[in-house]
Amino acid sequence: CAMSRSLAIQESLLSDHLESLQRRSTLETGLLLAHVGAQADAVLHFVPTPSQDDGAPQVDASWMVTHAEAVSHMLPGGIAVVGAYLFSPSGAFASHEAKLRPVLAAALKRLREADGTQSLLMLLPSDARKATARALVAGSAS
């Protein structure tokens, strides 16, 4: 059973990243890196998922998982991949989220097994200024 924890993010970090993405206005996925504390985690950085060979921005859950696993192996102690983010028009969130949620939930659960906590999917709209975070809960089948 996953523990409930809080995730803190500085308003300036979130708003600066969202503004930067909105200036470029292209679809982007990436990882949330955070300092893992005893009771709460604090987001430190947004890490964009690198583009694949064709360079076209796309939502590819398996590519995001490969990226998350590679990044998590390079992180120092106390820093972890605590979730993922998606930047797209808010009208496209539902279809992208349906693709991402099951794959990312299972993969990020494996990456966070040591602390037994849930991961998040942060939805960053290209057409609004309010971000939304959703818990990623892996299904019982693994």
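In the block above lies the structure referred to throughout.
Residues numbered from 1 in each chain as written. Predicted model: local features only at pLDDT ≥ 70, side-chain atom pairs only at ≥ 80, totals over all residues. Heavy atoms only, no water.

Undergrad: Is there a simple way to think about the sheet that holds strand β4 (residues 79-88) in this case?
TA: What links the strands of a sheet is backbone hydrogen bonding, and the strands pair in either a parallel or an antiparallel sense. The six strands lie next to each other as β1-β3-β2-β4-β5-β6, forming an open sheet whose pairing is mixed. At either margin of the open sheet sits one strand with a lone partner, and together these are β1 (6-8) and β6 (132-136). On average, adjacent strands in this sheet sit at an angle of 35 degrees to one another, irrespective of strand direction. Contacts from helix α2 (residues 61-74) reach β2 (28-36), β3 (40-48) and β4 within the one sheet, and its direction differs from that of β2 by about 30 degrees. (Pairing = 2+ DSSP bridges. Helix = DSSP H or I, 4+ residues; strand = E, 2+ residues; numbered from the N terminus. Axes fitted to C-alpha atoms, helices over the stretch in contact; angles between N-to-C directions. Contact = heavy atoms within 4.5 Å.)

Undergrad: Quick question: what am I supposed to make of the pattern of salt bridges here?
TA: Any two side chains of opposite charge can pair if their charged atoms end up close together. Enumeration over the complete set of coordinates arrives at three salt bridges. We note a salt bridge from Arg101 to Glu97, for which the minimum N-O separation is 2.4 Å. Of this pair, Arg101 and Glu97 both sit in helix α3 (residues 93-111), four residues apart, roughly one helical turn. Glu97 sits in the buried class, given a relative accessible area of 10%. Overlapping salt bridges bring together Glu97, Arg101 and Arg134 as one network. (Salt bridge = Lys/Arg side-chain N within 4 Å of Asp/Glu carboxyl O. Buried < 20%, exposed > 50% of the residue type's maximum accessible area, 1.4 Å probe, protein only.)

Undergrad: Explain the packing of aromatic side chains here, please?
TA: The geometry of an aromatic ring pair is captured by two quantities: the separation of the ring centres and the angle between the planes. Applying the stated criterion across every chain yields a total of one aromatic pair. A ring pair is formed by Phe46 and Tyr85, whose centres lie 5.3 Å apart and whose planes are at 80 degrees; its orientation type is edge-to-face. Of this pair, Phe46 sits in strand β3 while Tyr85 sits in strand β4, placing them 39 residues apart in sequence. When sorted by exposure, Phe46 lands in the same class as Tyr85, which is buried. (Phe/Tyr/Trp six-rings, centres within 6.5 Å; stacked < 30°, edge-to-face > 60°.)

Undergrad: What am I meant to see in α2 here?
TA: Given 3.6 residues per turn, any residue in an α-helix points the same way as the ones three and four places further on. For α2, with 14 residues, the first-to-last C-alpha span of 20 Å sits near the 20 Å given by 1.5 Å per residue. Every buried residue of α2 is accounted for by Ala61, Met64, Val65, His67, Ala68 and Val71. One face of α2 carries all of its buried residues, which in axial projection span an arc of 165 degrees. The outward face of α2, more than 90 degrees from its buried face, is lined by the exposed residues His73 and Met74. Next to the buried residues of α2 lie β2, β3, β4 and α3. (Expected span 1.5 Å × (residues − 1). Arc of directions from axis to C-beta.)

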